[in-house]
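Remarks on the overall topology
One letter stands for each residue in the lines below.
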Amino acid sequence: MGKINAIITGVGGYVPEYVLTNEELSRMVDTNDEWIMTRVGIKERRILTEEGLGTSYMARKAAKQLMKKTGADPDSIDALIVATSTADYHYPSTASIVVGKLGLKNAFAFDSWSACCGFLYSLDVASSMIQSGRYKKIIVIGADKMSSVTDYKDRQTCPLFGDGAAAVLLEATEEENIGLMDSYLRTDGLGLPFLHMKAGGSVCPPSYFTIDHRMHFTYQEGRTVFRYAVTNMSDDCALIAERNGLNKDNIDWVVPHQANLRIIEAVAKRLEMPMEKVMVNIERYGNTSAATIPLALWEYEPMLKKGDNIIMTAFGAGFVHGANYLKWAYDGK
């Protein structure tokens, strides 16, 4: 038996129907389309408005589409990982809800709480599980209902975030030089003061005080996060490209976390990559946290070809950051 590699064999996605435009936001807070577009490059974002529906709903929709598209037998799925920062509940895990709703009888499931890097971290973990030879099919989902932790009275943060989910099927293959080839993942642990939710966890449980002081929303010091994101995403991409003999001529696609168009452009410039080789959908979806990278793969899937060299990179709360090098396994569907 040869070396086992882990390949993506399909992508599914889901975004809610409701579109929150910059024009509508400008009626909620003191902002406007020009201000938002100039600073972050976001025109609109999707919002899950139906009462009683959370992250697991979007994750399930994405996974269901994925399984239909790939023809995967539910009983053949060994594991399911949901990367999210907006779990339905503190417990049980969002992944356990998704598994139950999909009827995956032979799968175990867990959540990955790694903020905007969650999908990259989870993909690497799932790939290692498959390379061990113990598992053959794993679903990895990036999903976040960021509207549930967004303060629509804060003009600095409310234009940034949207809701969405996307899923990939990771399978075992003995084909050589294909699949997830390399990862460079790091956690600095320096980011707490600059990007967090102040209340709702074990350090500061919910109370009348935390609710009255609007402490259950995303807090971000934008300039600091921007600076760290540009530096780390650029450095991580450059490092993984160098150690795999990649450059602007043989990298087919760069898939950056969709947090800010200026960050995306800075990463592309560092790699000397033309923007037409960079997957960008931030204008329509905003920052969907762990969902941004798989959502980009979902949208661009028809354009991908077997053997394409893809670098994915992200940065998020923690500070967590990293890059994955993926050699695509099939022609676009």
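Quick note: structure is the one above.
Residues numbered from 1 in each chain as written. Predicted model: local features only at pLDDT ≥ 70, side-chain atom pairs only at ≥ 80, totals over all residues. Heavy atoms only, no water.

**Examining helix H3 (residues 55-70)**
Look at H3: 23 Å from first C-alpha to last across 16 residues, which is about the 22 Å you get at 1.5 Å a residue. Among all positions of H3, only Thr55, Ser56, Tyr57, Met58, Ala59, Ala62, Ala63, Leu66 and Met67 are buried. Of the surrounding secondary structure, the elements contacted by the buried residues of H3 are strand S1 (5-14), helix H4 (94-102), strand S6 (137-145) and strand S7 (163-173). Positive phi shows up at glycine 71, right after H3, with a value of about 70 degrees. (Helix = DSSP H or I, 4+ residues; strand = E, 2+ residues; numbered from the N terminus. Expected span 1.5 Å × (residues − 1). Buried < 20%, exposed > 50% of the residue type's maximum accessible area, 1.4 Å probe, protein only. Contact = heavy atoms within 4.5 Å.)

**Quick look at the sheet that holds strand S13 (residues 320-327)**
Strand order in the open sheet formed by four strands is S8-S13-S12-S11, and the pairing between neighbours is mixed. Where the open sheet ends on each side, the last strands, each with one partner, are strand S8 (179-187) and strand S11 (253-256). For this sheet, the mean angle separating the axes of adjacent strands, direction not counted, is 10 degrees. Packed on one face of the sheet, helix H7 (residues 222-243) meets S8, S11, strand S12 (309-316) and S13 and runs near 150 degrees to S12. Against the sheet, helix H10 (residues 292-300) makes contact with S11 and S12, and its axis sits at roughly 140 degrees relative to S11, the strand it touches most. (Pairing = 2+ DSSP bridges. Axes fitted to C-alpha atoms, helices over the stretch in contact; angles between N-to-C directions.)

**Some remarks on the state of the cysteines**
Under the definition given, this model contains zero disulfides. As a non-bridged cysteine, cysteine 237 has cysteine 117 as the owner of its nearest cysteine sulfur, 11 Å distant. Residue cysteine 237 is classed as buried on the basis of its relative accessible area, which comes to 0%. (Disulfide = S-S within 2.5 Å.)

**A look at the packing of aromatic side chains**
Counted under the stated rule, the structure contains eight aromatic pairs. The interplanar angle of 90 degrees and the centroid separation of 5.8 Å between the aromatic rings of tyrosine 14 and tyrosine 57 together place this pair among those described as edge-to-face. Of this pair, tyrosine 14 sits in strand S1 while tyrosine 57 is found in helix H3, placing the two residues 43 residues apart along the sequence. In this structure tyrosine 14 comes out as buried when scored by relative accessible area, which is 16%. Residue class for tyrosine 57 comes out buried when judged on its relative accessible area of 18%. Ring centres 5.5 Å apart and planes at 70 degrees place the aromatic pair tryptophan 253 and tyrosine 300 in the edge-to-face group. Note that tryptophan 253 is positioned in strand S11 and tyrosine 300 in helix H10, a separation of 47 residues in sequence. No difference in accessibility class separates tryptophan 253 from tyrosine 300, as the two residues are buried. Through successive ring pairs, a cluster of aromatic residues spans Phe194, Tyr228, Phe315 and Phe319. Geometry around tryptophan 35 places arginine 155 over its ring, the cationic atom sitting 4.8 Å from the centre. One residue, arginine 284, lies across the ring of tyrosine 285, its end atom 5.0 Å from the ring centre. (Phe/Tyr/Trp six-rings, centres within 6.5 Å; stacked < 30°, edge-to-face > 60°. Lys NZ or Arg CZ within 6 Å of the ring centre and 35° of its normal.)

**Some thoughts on the side chain of glutamate 301**
The topology assignment puts glutamate 301 in the loop between H10 and S12. Among the residues examined, glutamate 301 registers a relative accessible area of 2% and is labelled buried. Here tyrosine 330 takes part through its side chain, which lies 2.6 Å from a polar atom of the side chain of glutamate 301. Not counting chain neighbours up to four residues away, the residues in contact with glutamate 301 comprise Gly10, Val11, Lys69, Tyr330, Gly332 and Lys333. (Polar contact = N/O pair within 3.5 Å; in protein donor to acceptor, adjacent residues only side chain to side chain.)

**Points about the pairing of strand S4 (residues 79-83)**
Of all the five residues making up S4, five are buried; the element is thus mostly covered by neighbouring parts of the structure. The side-chain alternation of S4 yields two buried faces, one formed by Ala79, Ile81 and Ala83 and the other by Leu80 and Val82. As defined by bridge partners, S4 adjoins strand S5 (residues 108-112) across five bridges and the pair is classed as parallel. For alanine 83, the partnering residue across the bridge sits in S5 and is serine 112. Handedness of the β-α-β unit built from S4, H4 and S5 comes out right-handed. Pairing between S4 and S6: five bridges, direction parallel. Residue pairing across strands places alanine 79 opposite isoleucine 138, the latter belonging to S6. (Right-handed = clockwise from strand over helix to strand, strands pointing away.)

**A few points about the nonpolar core**
Of all hydrophobic cores here, the largest spans 40 residues; its most connected members are Ile8, Ile138, Met312 and Trp328. At seven residues, helix H5 (residues 118-131) tops the list of elements feeding residues into this core. The contact partners of methionine 312, leaving out residues within four places of it in the chain, are Leu120, Leu123, Val255, Ile293, Leu297, Gly322, Ala323, Asn324 and Leu326. Ranked by size, the runner-up nonpolar core spans 39 residues in total, among them Val40, Met146, Ala229 and Phe315. (Core = buried A, V, L, I, M, F, W, Y, C linked by side-chain atoms within 4.5 Å.)

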